[in-house]
Amino acid sequence: MSEELELTAEQFKEMTSQIIETIARTIDAKDPYTNGHSRRVAHYSVLIGQQMGLSEEDILFLRYAALLHDIGKIGIPDSILQKPGELTDEEYHTIKQHPQIGAEILKGAPLLKGVVVGARYHHEKWDGTGYLEGLSGEDIPLFARIIGVADTYDTMITDRPYHKAES
């Protein structure tokens, strides 16, 4: 009987992973310029977490959080997300709302440890100049710090409509 329960738990874990990856692909499909971004950020986040010695469970939830970090972009108009040039101040203000939108979407999933903070705080910066709340240093939740580094790295090495990839 316990073998069946263990198998069921493993199947549930796999199903959860597949659903989250599907949602991440949906997020990335909204913006053709960043296709694959969520999966790359998840990959880099996992590598960072492993180097930091995080537990296997924390790595799993960090991966989920990284896959879903940009879910709030669902609430941003395509005309802004796909704009080939520089954003106006108003457009930039709108896009800066995606962490809050994402946190609101994900707050209904409290069992997915860390996904809300990953979405909400991944644009905070160590020096306090980020957004939404201007958190700094260790006040930024660990998952958000890791995802923020991975997100920034992927943005720098990927061609975007507003900049070429850096070497």
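Let us look at the structure shown here.

The rules behind the values
Residues numbered from 1 in each chain as written. Predicted model: local features only at pLDDT ≥ 70, side-chain atom pairs only at ≥ 80, totals over all residues. Heavy atoms only, no water. Helix = DSSP H or I, 4+ residues; strand = E, 2+ residues; numbered from the N terminus. Rg over C-alpha atoms; globule rule 2.2 N^0.38 Å. Buried < 20%, exposed > 50% of the residue type's maximum accessible area, 1.4 Å probe, protein only. Core = buried A, V, L, I, M, F, W, Y, C linked by side-chain atoms within 4.5 Å. Contact = heavy atoms within 4.5 Å. Polar contact = N/O pair within 3.5 Å; in protein donor to acceptor, adjacent residues only side chain to side chain.

## What to know about the overall build of the protein chain
Alright, step 1. A count of helical and extended segments in the protein chain gives eight helices and zero strands.
Alright, step 2. Overall, the protein chain shows an N-to-C arrangement of helices and strands of α-α-α-α-α-α-α-α.
Alright, step 3. Its C-alpha atoms give the protein chain a radius of gyration of 16 Å, within 12% of the compact-globule value 15 Å for 167 residues.
Alright, step 4. A principal-axis box enclosing the C-alpha atoms of the protein chain has dimensions of 60 × 35 × 30 Å.
Alright, step 5. Out of the 167 residues in the protein chain, the part that is buried amounts to 40%.

## Description of the nonpolar core
Alright, step 1. The biggest cluster of nonpolar side chains holds 24 residues, and the ones touching the most others in it are L62, L68, L106, V115 and I147.
Alright, step 2. Examining the composition of this core, we find that seven residues originate from one element, helix α3 (residues 56-67), more than from any other.
Alright, step 3. When near neighbours in sequence (up to four residues on either side) are disregarded, L106 contacts L68, I71, V115, V116 and A119.

## Digging into the environment of Y153
Alright, step 1. Along the polypeptide, Y153 turns up in helix α8 (residues 142-157).
Alright, step 2. Exposure remark for Y153: the relative accessible area of 38% places this residue in the partly exposed category.
Alright, step 3. Sequence separation of Y153 and I19 is 134 residues, and the distance between their C-alpha atoms is 25 Å.

## Section: the side chain of D70
Alright, step 1. By the secondary structure assignment, D70 is in the loop between α3 and α4 (78-81).
Alright, step 2. At 3.2 Å, the side chain of D70 forms a polar contact with the side chain of H122.
Alright, step 3. In contact with D70, other than residues within four places in its own chain, are I27, H37, H98, H122 and D151.

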